[in-house]
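Commentary on secondary and tertiary structure
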Amino acid sequence: MKLEEVRPRHVRQLVDRARAAGRAPRTIRNIYGIVQVMFRDAVMEDLIQASPCILTERELGEIVDKDPEWRGTAIYSREELVSLVSDPRVREDCQVLYALEGIGGLRHGEAAGLRWRHYESDLPLDALQVARSYKNKRGTKTQRARRMPVHPVLAEKLRAWKAGGWVAMMGREATPDDLVCPCPAREQFPAGRMRDKNYSRKCLMADFKALRLRHRRGHDLRRTMISLARRDGARRDLLEICTHTPSSSHAIDLYTEFEWKDLCGEVAKLRLTLARPTPSVPEPLLSNPTIPSGASDARAGLLEASQ
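What this report covers is the structure whose coordinates are included nearby. (Residues numbered from 1 in each chain as written. Predicted model: local features only at pLDDT ≥ 70, side-chain atom pairs only at ≥ 80, totals over all residues. Heavy atoms only, no water.)

1. Focus on the sheet that holds strand S2 (residues 127–130)
- In spatial order, the strands read S1-S2-S3; together these three strands make up an open sheet with antiparallel pairing. Taken across any chain shown, the strands that pair with only one partner, and hence form the sheet edges, are strand S1 (119–120) and strand S3 (146–149).
- Relative to S2, S1 runs antiparallel, the two being bridged by two bridges. Following the sheet pairing, Tyr119 is matched in S2 by Leu128. (Pairing = 2+ DSSP bridges. Helix = DSSP H or I, 4+ residues; strand = E, 2+ residues; numbered from the N terminus.)

See below:
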């Protein structure tokens, strides 16, 4: 159809077809959102006079889970998290990605787009500058940068990865502009490429099979970190500043500043001990991503507290 021929009833029919096909409520909203943006841009370019995307909550439906029983199971146990970030059956580059999400609390795009210059390891307590997501985005999902304290276990893993596994995978020393967790070399592309969700999903599915774990999403690692930290006594308001940035809907949050050591202390409340020390020199990486292969006094105090 030509742009000017599309009417609101056609958009409603699109939504109805998606619902009849069994699409999840959030997926239907995403589909409608893409169409809505397209017609908004068409209006701005004077290609049409008005957008046909005028559907309301009544037509779109509520945003609920397709399976009401799913959300309660969308989390990893503490033992499962430890396995994903330290078991030798999981490739070390995948371990690091899982650790950034499951211990660092990063979204996948934030972890995939993280570069070594964003890792501040010259401070009394390490920090991650979470300012960008994928390379084509100007910022994070919320368009607001935040500073994430690095859990002592994650700090040890990142230092070992940079000195050993990263060098072994890339064949050279890391530079500040290099990705912390790039893709290894494959037939389709050279090493160093930014990993997307499809690549990471294939790796995660393979690791589930190797570790005999049931299926979950990569994003559930971030949910696990927050849940476990709160179970271990982390304050909700301070942890939220680290993982989500202050809420713009509450002015008092924007006016409140906490000391860095206070934020680090809340993240360090997450009790986690790896199953084995991170190796300084990893096993050779396989080229097929679907098959897994086998400081300061303050930092020392946090490491002891976390264990």
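Next comes the rest of the account.
2. Considering the packing of helix H10 (residues 236–244) against helix H12 (residues 260–267)
- H12 packs onto H10 with a crossing angle of 95 degrees between their chain directions and a minimal axis gap of 9 Å. Of the possible angle classes, the one that applies to H10 and H12 is roughly perpendicular. Side by side, H10 and H12 meet where Leu238, Leu239, Ile241 and Cys242 of the first sit next to Asp262, Leu263, Glu266 and Val267 of the second.
- Broken down by class, the residue content of the contact of H10 with H12 amounts to six nonpolar, no polar and two charged. (Axes fitted to C-alpha atoms, helices over the stretch in contact; angles between N-to-C directions. Parallel < 35°, antiparallel > 145°, perpendicular 65-115°, else oblique. Contact = heavy atoms within 4.5 Å. Nonpolar A, V, L, I, M, F, W, Y, C, P; charged D, E, K, R; others polar.)

3. Topic: the packing of aromatic side chains
- Tallied over the full model, the rule gives two aromatic pairs.
- Between Tyr76 and Phe208, the ring centres sit 6.3 Å apart and the planes meet at 35 degrees, which makes this aromatic pair tilted. Note that Tyr76 is positioned in the loop between helix H3 (57–60) and helix H4 (78–86) and Phe208 in helix H8 (residues 197–211), a separation of 132 residues in sequence. Judged on exposure class, the residue Tyr76 and its partner Phe208 are both buried.
- Taking the centre distance of 6.4 Å and the plane angle of 50 degrees together, the rings of Trp116 and Tyr119 count as tilted.
- Take Tyr119: its relative accessible area is 10%, and that puts it in the buried class. (Phe/Tyr/Trp six-rings, centres within 6.5 Å; stacked < 30°, edge-to-face > 60°. Buried < 20%, exposed > 50% of the residue type's maximum accessible area, 1.4 Å probe, protein only.)

4. Observations concerning the nonpolar core
- Core analysis: the biggest nonpolar cluster contains 55 residues, and Leu84, Tyr98, Leu100, Ile103, Leu128, Met148 and Val180 have the highest contact counts within it.
- Those elements that provide at least two residues to this core are H4, helix H5 (92–102), S2, helix H7 (152–170), H8, helix H9 (219–231), H10 and H12.
- Among the elements that line this core, the one with the most residues is H7, at eight residues.
- When sequence neighbours within four positions are dropped, the list of residues in contact with Val180 reads Val96, Leu100, Leu114, Arg115, Trp116, Leu158, Trp161 and Trp166.
- Counting 13 residues, the second-largest nonpolar core is a separate cluster that includes Ile28, Tyr32, Phe39 and Leu55. (Core = buried A, V, L, I, M, F, W, Y, C linked by side-chain atoms within 4.5 Å.)

5. Structural notes on unusual backbone geometry
- With phi around 60 degrees, Asp46 is a residue other than glycine that occupies positive phi space.
- Mapping Asp46 onto the fold places it in the loop between helix H2 (25–44) and H3.

6. Details of the pattern of salt bridges
- Overall, the coordinates contain 21 salt bridges when judged by the stated rule.
- Here Arg195 and Asp93 are joined by a salt bridge, their closest N and O atoms 2.8 Å apart. With a gap of 102 residues between them, Arg195 in the loop between H7 and H8 and Asp93 in helix H5 connect regions that are remote in the sequence.
- Connected via shared salt-bridge partners are Arg78, Asp232 and Arg271. (Salt bridge = Lys/Arg side-chain N within 4 Å of Asp/Glu carboxyl O.)

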